[in-house]
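In case you want the letters, here they are:
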Amino acid sequence: MKNYERALDFLRENNTGVCRKTGKSFGEIIDHFVVGADEACLMTDNHGSFRIIGASDKKKHERKGSDHRASITMFRSGVPSGANGPTAFLMKGKRKKAGFTDEFL
């Protein structure tokens with residue numbers, strides 16, 4: 001947290017101008033320029049009722065047979081001022097778009 005505060009202090013010191021539209025200094029509105037993000041992985045089966053009940057000391061649990069598991073990644077963003085950015089859901093792709101090679105990605 002110290003590095004974060006130091007970085008904000010550095011930005012306040014080097015950005016001393018005033019916004020022409022609001023009349024506020026950069027230090028007053030800095031929270032609108034700091035963006036954070038978080039991702040979560042959601043797992044389900046083809047019926048939407050995926051659960052594994054097992055031993056807590058086991059690191060990985062596997063299901064047998066041809067069970068289907070789908071993984072969806074949820075990505076959220078926001079700023080310290082309280083405004084939330086868009087929430088995106090990333091699904092498993094069936095095919096790559098032209099030009100989206102492994103090297104490009």
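Residues numbered from 1 in each chain as written. Predicted model: local features only at pLDDT ≥ 70, side-chain atom pairs only at ≥ 80, totals over all residues. Heavy atoms only, no water.

Draft legend 1. Broad picture of the overall build of the protein chain. Within the protein chain, the secondary structure is distributed over two helices and three strands. Ordered by position from the N terminus, the helices and strands of the protein chain form the series α-α-β-β-β. With 105 residues in all, the protein chain has 10% of them scored as buried. Considering only contacts in the protein chain between residues 6 or more positions apart, those separated by 24 or more positions represent 45%. As displayed, the protein chain offers around 9500 Å² of accessible surface, 53% of which is attributable to carbon and sulfur atoms. (Helix = DSSP H or I, 4+ residues; strand = E, 2+ residues; numbered from the N terminus. Buried < 20%, exposed > 50% of the residue type's maximum accessible area, 1.4 Å probe, protein only. Contact = heavy atoms within 4.5 Å. Areas by Shrake-Rupley, 256 points an atom, 1.4 Å probe, with all protein chains shown as cover.)

Draft legend 2. Spotlight on the side chain of Ser 77. Assignment of secondary structure puts Ser 77 in strand β2 (residues 70-78). For Ser 77, the contacting residues outside a window of four places in its chain are Gly 36, Ala 37, Asn 84, Gly 85 and Pro 86.

Draft legend 3. Just the confidence of the model for the protein chain, in detail. Across the protein chain, pLDDT averages 76, with 68% of residues at or above 70. For the protein chain, per-element mean pLDDT is lowest for strand β1 (residues 36-44), which scores 80, and highest for helix α1 (residues 2-14), which scores 89. (pLDDT = per-residue confidence, 0-100.)

Draft legend 4. Layout of the pattern of salt bridges. Under the criterion given, the structure shown has two salt bridges. Two residues, Asp 9 and Arg 12, come together in a salt bridge whose shortest N-O distance is 3.3 Å. Residue Asp 9 and its partner Arg 12 are located together in helix α1, separated by three residues, close to a single helical turn. Residue Asp 9 is classed as partly exposed on the basis of its relative accessible area, which comes to 38%. Overall, Arg 12 belongs to the partly exposed group, its relative accessible area being 31%. Linking Asp 38 and Arg 76 is a salt bridge whose minimum nitrogen-to-oxygen distance equals 2.6 Å. (Salt bridge = Lys/Arg side-chain N within 4 Å of Asp/Glu carboxyl O.)

Draft legend 5. Structural view of a nonpolar patch on the surface. A grouping of Leu 42, Phe 89 and Met 91 is seen on the molecular surface, where their side chains present a nonpolar patch of about 310 Å² in accessible area. Tracing the backbone shows Phe 89 in strand β3 (residues 84-90). (Patch = residues over 30% accessible without salt bridge, like charges linked within 9 Å, V, L, I, M, F, W, Y side chains within 5 Å.)

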